[in-house]
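Notes for the structure review
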Amino acid sequence: MNGKKVVVVGAGPVGSLAALYAASRGAAVEVYELRSDLRNADTTPLNFTKSINLALSERGINALRSTGNNELLETVLEQTIPMHGRMIHTRSATGSLTEQSQLYDVHGRFQRSVDRGVLNGVLLNHLDSLPNVTLHFQHKMTGADFRKRRAWFEITDRTDSSHPNRPREIEVDFNLLIGADGAHSTTRYHMMKYARMNYHQEYIDCLWCEFTMPPTQSGDFAISPNHLHIWPAGSFMFIALPNLDKSFVCTLFGPVEMFVHLEDSPDAELVAFFDKHFPGVTNHIPPSDLIAQFKRNPHLPLINIKCSPHHFGDSVVILGDAANAMVPFYGQGMNAGMESVRVLFSKLDAIADRTAALASYTEERTKDAHVVADLALGNYIEMRSSVTSRLYKLRKYIEER
Ligand code: FAD
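Residues numbered from 1 in each chain as written. Predicted model: local features only at pLDDT ≥ 70, side-chain atom pairs only at ≥ 80, totals over all residues.

A word on the overall build of the protein chain
Across its full length, the protein chain holds 13 helices and 19 strands. The C-alpha atoms of the protein chain give 22 Å as radius of gyration, which agrees with the globular expectation for 401 residues (21 Å, within 12%). For the protein chain, the residues scored as buried account for 40% of the 401 residues in total. Nonlocal contacts in the protein chain, meaning residues at least 24 apart in sequence, comprise 69% of its contacts between residues at least 6 apart. (Helix = DSSP H or I, 4+ residues; strand = E, 2+ residues; numbered from the N terminus. Rg over C-alpha atoms; globule rule 2.2 N^0.38 Å. Buried ≥ 20, exposed ≤ 12 C-beta atoms within 10 Å, placed from the backbone. Contact = placed C-beta atoms within 7 Å.)

Here is the structure:
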């Protein structure tokens, strides 16, 4: 990589990490990001939601650790909250609220809750400090020629009056382009014209809407901070992940029909729906807030994407959601994307011929990524329903003995 020019498209968590890996190997790295810098308060966040909390697991942590930069890892971990297990919220036969803690691991291992924006910001701050990296925000990739190694970016920031003659579009050359531009990847779209790519895309019958559960009046967490909270309800569910400011980011997941029904119902029905299926939630999110948030926050789809190969020749490779977007129920989309960065660079380090390295990467990673995506689909049923089944409790009981 030393002396090579690496262009990274997308400065999300996966693209930012890929840029760090490439920079630490001596490449001249240019990162192009469609949106403005997420570290600025006025930037519209991803998915137009206020924030999105993610479960960061060993997969992702190992990819951060493998940068060899302990300070970076520690800075990220300081911004996380350990979640030792899941807390299942139900109502007993007598109508009282019940909470059941189910630990993730008999050896005490755990995953962590992290704000996507905070994690991304730590990676961007580190990239800013490197002399061989340049960050270009508000640059939207519009096209690429992966034989001639050229890509085109539209500059979407037209407010900078100090550059009146600035072109609307620039051409950029590269030795290697890493496409980490998310589920609706432009890199993947153009790569399909070169590689014989098989592609599968599926919208599952589920929408999601985000809510915030504020801290208590005394400024404490409303519910246990060290759990991933689940209110399972059969074909739908509500979950909550802790934030450092003692609030929780919560998500309602459910079939499209359920959302349509709630959208068309009087406000009181939404509150009654929550009281019936997600016991205790309206004690912590006042009904008026609940209604306001349901109306204000978008109701977004979930997509599952599988494709292969993940590269073309020795000029382009796709990573993260661009290569395999998965539903979020296994908490592994970002983690698997970060792991892909680690695996990609281990191949590039070990195999001198870049075409062979990228082919070896596709060969290994496609299978793994598809398995994780399938597990994620399966875990939706686990989270929204099986966590309360007798069989599940029996299995857990046996496992823990
Ligand atoms: P993205 O985060 O989508 O970033 C792509 C970047 O590319 C964006 O900044 C975008 O602006 C930019 N871009 C797009 N097009 C262009 C273009 N043409 N030119 C330039 N730039 C472009 N994962 C987990 O690991 N754990 C979880 O607990 C978890 N929970 C989730 C919960 C929900 C509700 C959802 C929806 C997802 C969850 N995920 C989780 C998945 C996780 O959010 C994604 O897998 C992760 O954000 C993917 O990172 P990425 O960098 O590949 O893509």
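What follows continues from the structure just given.
Description of the environment of Ile52
For Ile52, the location among the structural elements is in the loop between strand E2 (28–32) and strand E3 (53–56). Given 18 C-beta atoms within a 10 Å radius, Ile52 is considered partly exposed. Here the alpha-carbon distance between Ile52 and Pro13, two residues 39 residues apart in the chain, equals 12 Å.

A short note on the site of the ligand
Around the ligand sit 33 residues, and of these Gly10, Gly12, Gly182, Gly320 and Gly333 come closest. Going through the elements one at a time, helix H1 (13–24), E3, strand E9 (139–145), helix H10 (321–324) and helix H11 (333–350) are the ones with two or more residues in the shell around the ligand. Broken down by element, the shell around the ligand gets its largest block of residues, 4 residues, from H11. Its residues assigned to classes, the shell around the ligand shows 16 nonpolar, 12 polar and 5 charged. (Near = placed C-beta within 6 Å. Nonpolar A, V, L, I, M, F, W, Y, C, P; charged D, E, K, R; others polar.)

Structural notes on the domain arrangement of the protein chain
Domain parsing of the protein chain yields domain 1 (5–80 + 115–200 + 306–384) and domain 2 (82–113 + 202–301). Relative placement of domain 1 and domain 2: their C-alpha centres are 30 Å apart. In this complex, domain 1 contributes 17 residues to the contact, which on the side of domain 2 involves 22 residues. Counting residues per element, the ones that place at least two in the side of domain 1 that touches domain 2 are E3 and helix H12 (354–384). Ranked by residue count, the leading element in the side of domain 1 that touches domain 2 is E3, at 3 residues. (Domains from an automatic or database assignment.)

Things to note about the environment of Arg39
Among the structural elements, Arg39 can be located in the loop between E2 and E3. Overall, Arg39 belongs to the partly exposed group, with 15 C-beta atoms counted inside 10 Å. Note: C-alpha distance between Arg39 and Thr142 (103 residues apart in sequence) is 24 Å. If we skip the residues at most four places from it in the chain, Arg39 touches Gly121 and Leu124.

Remarks on the pairing of strand E7 (residues 111–115)
Taken across its 5 residues, E7 has 5 buried, putting it largely inside the fold. The alternating pattern of E7 places Gln111, Ser113 and Asp115 on one face and Arg112 and Val114 on the opposite face, and all of these are buried. The pairing of E3 with E7 spans 4 bridges and is classified as antiparallel. Bridging across to E7, Asn53 finds its partner in Asp115. Pairing of strand E4 (residues 81–83) with E7, which is carried by 3 bridges, proceeds in the antiparallel orientation. Each bridged residue has a counterpart across the sheet, and for Pro82 the counterpart in E7 is Arg112. (Pairing = 2+ DSSP bridges.)

Examining the sheet that holds strand E11 (residues 169–173)
Across the sheet, which stays open at both edges, the 3 strands sit in the order E9-E10-E11 with antiparallel pairing between neighbours. One side of each edge strand has no neighbouring strand; the edge strands of this open sheet are E9 and E11. The mean angle between the axes of side-by-side strands here comes to 25°, regardless of whether they run parallel or antiparallel. Bridging between strand E10 (residues 150–155) and E11 involves 5 bridges; their strand directions are antiparallel. Residue pairing across strands places Glu154 opposite Glu169, the latter belonging to E11. (Axes fitted to C-alpha atoms, helices over the stretch in contact; angles between N-to-C directions.)

Overview of unusual backbone geometry
Trans peptide bonds make up most of the peptide bonds, and negative phi angles are found at most residues other than glycine. A cis geometry characterises the amide bond from Ser308 onward to Pro309, with omega recorded as 0°. Tracing the backbone through its elements, the reader meets Pro309 in the loop between strand E17 (300–308) and strand E18 (311–312). For Gln138, which is not a glycine, the phi torsion comes out positive at approximately 55°. Relative to the helices and strands, Gln138 resides in the loop between strand E8 (133–136) and E9. Phi angles above zero are rare outside glycine, and Arg149 is one such case at about 60°. Along the chain, Arg149 falls in the loop between E9 and E10. Classification of Arg149 by C-beta neighbours within 10 Å gives partly exposed; the count is 19.

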